[in-house]
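# Structure at a glance
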Number of protein chains: 2
Amino acid sequence: MTSRKPKSENSIVDIARALGISPATVSRALNDNSRISEATRMRVKEMAKEMGYRHNSMASSLRNRRSNIIGLIVPRISMYFHAYFITSLQRQLQAAGYNLMICQSNDSVKLEKELANSLYSARVDALVVSLALYTEDISHFDGFLQQGIPLVFYDRVPTVETGAYVIKGDDYRGGLLAGNHLMQAGCRQMAYISGPLSCSIYQERTRGFVDALAKHGIALREDWVFHQELTAENAWNSLRKLFKGKHIPDGLFAANDTTAIAAVEFARERQIPIPDKLKIIGYSNDPRTSIITPPITSVEQYPSEMADKVADTLVGALQRQGSAVTRLGEPLVCPVDLVRRMTT
Amino acid sequence: MTSRKPKSENSIVDIARALGISPATVSRALNDNSRISEATRMRVKEMAKEMGYRHNSMASSLRNRRSNIIGLIVPRISMYFHAYFITSLQRQLQAAGYNLMICQSNDSVKLEKELANSLYSARVDALVVSLALYTEDISHFDGFLQQGIPLVFYDRVPTVETGAYVIKGDDYRGGLLAGNHLMQAGCRQMAYISGPLSCSIYQERTRGFVDALAKHGIALREDWVFHQELTAENAWNSLRKLFKGKHIPDGLFAANDTTAIAAVEFARERQIPIPDKLKIIGYSNDPRTSIITPPITSVEQYPSEMADKVADTLVGALQRQGSAVTRLGEPLVCPVDLVRRMTT
DNA sequence: TTGTATGCGTTATCAC
DNA sequence: GTGATAACGCATACAA
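The rules behind these values
- Residues numbered from 1 in each chain as written.
- Chains lettered and ligands numbered in written order.
- Predicted model: local features only at pLDDT ≥ 70, side-chain atom pairs only at ≥ 80, totals over all residues.
- Heavy atoms only, no water.
- Helix = DSSP H or I, 4+ residues; strand = E, 2+ residues; numbered from the N terminus.
- Rg over C-alpha atoms; globule rule 2.2 N^0.38 Å.
- Contact = heavy atoms within 4.5 Å.
- Lys, Arg positive; Asp, Glu negative; His and termini not counted.
- Charge placed at Lys NZ, Arg CZ, Asp CG, Glu CD.
- Buried < 20%, exposed > 50% of the residue type's maximum accessible area, 1.4 Å probe, protein only.
- Salt bridge = Lys/Arg side-chain N within 4 Å of Asp/Glu carboxyl O.
- Polar contact = N/O pair within 3.5 Å; in protein donor to acceptor, adjacent residues only side chain to side chain.
- Near = heavy atom within 4 Å.
- Nonpolar A, V, L, I, M, F, W, Y, C, P; charged D, E, K, R; others polar.
- Least-squares fit on C-alpha atoms with pLDDT ≥ 70 in both.
- Phe/Tyr/Trp six-rings, centres within 6.5 Å; stacked < 30°, edge-to-face > 60°.
- Lys NZ or Arg CZ within 6 Å of the ring centre and 35° of its normal.
- Domains from an automatic or database assignment.
- Pairing = 2+ DSSP bridges.
- UniProt positions renumbered as here; feature names shortened; annotations may be inferred.
- Axes fitted to C-alpha atoms, helices over the stretch in contact; angles between N-to-C directions.
- 1 Å grid on protein atoms, 1.4 Å probe; cavity = no way out; pocket = protein on both sides within 12 Å on 5 of 7 lines; lining within 4 Å.
- Points joined across faces, edges and corners; volume = space filled by probe spheres on them.

## Some thoughts on the overall build of chain A
Along its length, chain A carries 13 helices and 12 strands. Against the 2.2 N^0.38 benchmark of 20 Å for 344 residues, chain A shows a C-alpha radius of gyration of 26 Å, more extended than a compact globule. Taken along its principal axes, the extent of the C-alpha atoms in chain A is 90 × 45 × 35 Å. Sequence separation of 24 or more characterises 73% of the internal contacts of chain A that already satisfy a separation of 6 or more. For chain A, the distance from the average site of its 41 positive side-chain charges to the average site of its 35 negative ones is 4 Å.

## Overview of the side chain of Arg341 of chain A
All names here are of chain A. Turning to its location among the elements, Arg341 is positioned in the segment after β12 (337-339). An unpaired buried charge is present at Arg341: no salt bridge exists, and Glu300, the closest side chain of opposite charge, is 6.5 Å distant. Of note is the side chain of Arg341, whose polar atom sits 2.8 Å from the side chain of Asn285. Excluding residues within four positions of it along the chain, Arg341 makes contact with Asn285, Thr289, Ser290, Pro295, Ile296, Thr297 and Ser298.

## Description of the protein's contact with DNA strand D
As a matter of local geometry, DNA strand D sits amid 26 residues, with Ile12, Tyr53 and Arg63 of chain A together with Thr25 and Arg28 of chain B nearest to it. Restricting attention to atoms of DNA strand D within 4 Å of the protein, one finds that 67% of them are sugar or phosphate atoms. Side-chain polar atom of Asn31 of chain A to a phosphate oxygen of DNA strand D: 3.2 Å apart, as the coordinates give it. Between Ser37 of chain B and DNA strand D, the recorded distance is 3.0 Å, taken from a backbone N or O atom to a phosphate oxygen. Elements that contribute at least two residues to the surface near DNA strand D include exactly α2 (23-30) and α4 (57-64) of chain A together with α2 (23-30) and α4 (57-64) of chain B. Top contributing element to the surface near DNA strand D by residue count: α4 of chain A, with four residues. When its residues are assigned to classes, the surface near DNA strand D shows eight nonpolar, 12 polar and six charged.

## What about the protein's contact with DNA strand C?
Inspection of the region around DNA strand C gives 27 residues, with Thr25, Arg28 and Arg63 of chain A together with Tyr53 and Arg63 of chain B positioned closest. Atoms of DNA strand C within 4 Å of the protein belong to the sugar or the phosphate in 66% of instances, the rest to bases. Between DNA strand C and Tyr53 of chain B, the relevant distance is 2.4 Å, taken from a phosphate oxygen to a side-chain nitrogen or oxygen of the residue. Those elements giving two or more residues to the surface near DNA strand C turn out to be α2 and α4 of chain A together with α1 (12-19), α2 and α4 of chain B. The leading source of residues in the surface near DNA strand C is α4 of chain B, at four residues.

## Concerning the relation of the copies chain A and chain B
Screw-axis analysis of chain A against chain B gives a translation of 0.0 Å along the axis, an RMSD of 0.1 Å, and a rotation angle of 180°. Those values place the two copies in the arrangement expected of a two-fold rotation axis. Residue by residue, 98% of the interface of chain A is reproduced at the interface of chain B, so both copies engage with the same surface.

## Quick word on the packing of aromatic side chains
Under the counting rule described, the total for this entry stands at 22 aromatic pairs over all chains. Each ring, one from Trp236 of chain A and one from Phe266 of chain A, has its centre 5.5 Å from the other, and the planes form 75°; the classification is edge-to-face. Of the two residues, Trp236 of chain A is situated in helix α10 (residues 232-242) and Phe266 of chain A in helix α11 (residues 257-270); the sequence distance between them amounts to 30 residues. For the pair shown, Trp236 of chain A and Phe266 of chain A are each scored as buried. A connected cluster of aromatic rings, assembled from ring pairs, spans Tyr192, Phe209, Phe253 and Tyr283 of chain A. The ring of Tyr120 of chain A carries the charged tip of Arg54 of chain B above its face, separated from the ring centre by 4.3 Å. It is Arg205 of chain B that lies over the ring of Tyr283 of chain B; its NZ or CZ is 3.6 Å from the centre.

## What to know about the domain arrangement of chain A
With domains assigned, chain A is organised as domain 1 (12-55), domain 2 (67-169 + 303-335) and domain 3 (171-300). Placing a centre on the C-alpha atoms of domain 1 of chain A and another on those of domain 2 of chain A gives a separation of 37 Å.

## Details of the environment of Tyr134 of chain A
Residue and element names in this part refer to chain A. Tracing the backbone through its elements, the reader meets Tyr134 in the loop between β3 (126-129) and α7 (142-146). Judged by relative accessible area, Tyr134 falls into the partly exposed class, the value being 40%. Sequence separation of Tyr134 and Cys199 is 65 residues, and the distance between their C-alpha atoms is 6.4 Å.

## Some remarks on the pairing of strand β3 (residues 126-129) of chain B
Residues and elements named next belong to chain B. Burial along β3 is two-sided: Ala126 and Val128 and Leu127 and Val129, pointing in opposite directions, are all buried. Direction of pairing for strand β1 (residues 69-74) relative to β3: parallel, over a ladder of four bridges. Pairing of Ile73 across the sheet is with Val129, part of β3. Judged from the three bridges that link them, β3 and strand β4 (residues 151-154) form a sheet pairing that is parallel. Counted as the bridge partner of Leu127 is Leu151 from β4.

## As for the UniProt feature "domain: HTH lacI-type" (unreviewed entry) in chain A
Under the UniProt annotation, "domain: HTH lacI-type" (unreviewed entry) lies at residues 11-64 of chain A. Between the first and last C-alpha atoms of residues 11-64 of chain A the distance is 17 Å; the span itself is 69% helix and 0% strand.

## Thoughts on the sheet that holds strand β11 (residues 332-334) of chain A
All names here are of chain A. Strand order across the open sheet formed by six strands is β2-β1-β3-β4-β5-β11, with parallel pairing between neighbours. Since the sheet does not close on itself, it has two edges, and those belong to β2 (99-104) and β11, each with one partner. The mean inter-strand angle of the sheet, taken between neighbouring strand axes irrespective of direction, is 15°.

## Remarks on empty space enclosed by the protein
Residues and elements named next belong to chain A. Taken as a whole and assessed by the stated rule, the structure comprises two cavities of 30 Å³ or more. Along its surface, the largest cavity is lined by Leu131, Ala132, Thr135, Glu136, Ile138, Arg156, Val157, Pro158, Thr159, Ser198, Cys199 and Ser200. The residue inventory of the lining of the largest cavity, partitioned by class, reads six nonpolar, four polar and two charged. Each of domain 2 (67-169 + 303-335) and domain 3 (171-300) accounts for three or more of the residues forming the lining of the largest cavity.

## Some points on the sheet that holds strand β6 (residues 190-194) of chain A
Residue and element names in this part refer to chain A. Reading across from one edge, β7-β6-β8-β9 is the order of the four strands in this open sheet, with parallel pairing throughout. Looking at strand neighbours, the two that pair on one side only are β7 (225-227) and β9 (279-281), the edges of this open sheet. In this sheet, neighbouring strand axes are inclined to one another by 10° on average, regardless of whether the strands run parallel or antiparallel. Relative to the sheet, α10 contacts β6, β7 and β8 (251-254), its axis offset from that of β6 by approximately 160°.

Written as structure tokens, this is what we have:
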């Protein structure tokens, strides 16, 4: 290889010059444009490789007015459900030629806003969001809607009507399943540890659970219901309250698995026999639920399947971009299932 | 708001026109350039907001020849160590004004190559990589080195010398700790289930473990050593082999926690008392190890601290870009600790 | 099938 | 302190 002057980097113009043809032809050849002779296409590609050419997607994006980047805002990457959702989503989008820019709001409304703005400026072609725990005002996503940038909410979705796509789990049914299952298992003194009602999924799980009990003529004691961040520490505090008196619950619906796990550990410490004296159901079917002793009954959410639906929606919306009408349709509701284990 | 012709989107040129000033001034005002009057700065920002202007980072990136995007290739986002590493890394980089483009190789060498090329074309400003299980040839990262794009390997790093930054856990010491601890606990019949030796971390853990035993005059039986993908299924198969005869191990070093967990479950099924008849150590201090019964002794890797070092290295390298010499220095080795629980 | 010319939106350089 | 201008690299409309 001859020593070349260390100019910035080879562009299609350099290739064109080296080949004595026009940059336009090079561009077409590299993009496998139809109106180009097989011979030049080959010559160009060969020279491109030889010169160490790499496509500049910044220039390309600017010219095409699309970045081929899709933004994702997720509360926490470390949550089982989201980790598997992301894995699946990324595979799909990669296959469709998109890169994913993954950001974590860390369940902070403030950070979620910043990320939304940042991704907005980064000119993502679309945005996928699962909301932070206390996000109620969603005006920080308005820009996307106004600009006609596809916006998809999944799992934790807004509780108000928006112009965005919505793909959610059937949390109402999840709550219903949990309630029915505990009833059938003979529980009558129910406790419920849930996330805050600012968050769609906990609203729905609560509604489903309450409805299930109501059908059997059971009501929840108000002081046995908790709405809080579902950390292990909060769970322990609530459990201590639940079990401090003489009158104690015989069934617990935990709206996530971290809480259910804490409950099993709490019961172990207090020597409360499970499932004999206390039955427990979690939510998400986190792998940890099957590892602990006793393994915990939980509600499966099928994260991969949800990711597939999000990807389909997204790719569809991106293809339709610009074409006449973009009809949104109803929120897509994904099925859930009860996975029965030894705590019920 | 008056109805405006629906042209594509407002640029600084539009703002300039609306204000009767030049685009250059607008740009300077928006970037808080020093040589601009406070008055114009305010006027410009106000108008920008009013016109719904958003910065176009594609144009900006093209002009500046930097994308402000940092690429990350990770084997699996769902592994505890990586999930926490990513969380920390992202926080740091966000603060430094960079966006992170996270990709999963899914432990496939082929996919890793594709992702490297894709991120290369995407013109990331830097690349952070933890290698796939069987990656030995790392020539797909050569482009980054040649272009002087900062390249940082962490955790699973190349086993050969490269021009890249290397930040790794002290896996040799991890293996050593595990070996010493099992010896002190009285084990003499050691089994070892490890990942493939193509992968730096398993090479080192193996070396440390073997050295620890050797110091006590103990050698590993060859048929009690496994090098394989560390899935639960593979673990079960190996465990069946280990415990099929009369002569069985009394100590097991599992090079990841998934394997250690499988071992505990296997022992439970076979009614092998832990730690009396069999002692087990895992690696990574995955939260699952503290949930299972009995909780598993494991090696903590401090993912957040490693992420901090990667971020520092990265930001430093990016700032030095272009300036005379870029000295790499030795690989950075991060500390590990043994977390003692009930399996030893 | 190929070439010419232009513009995507921003910012750096130079001039005033 | 501000303006005019050019250039980043690519892809298209139009011409040939």
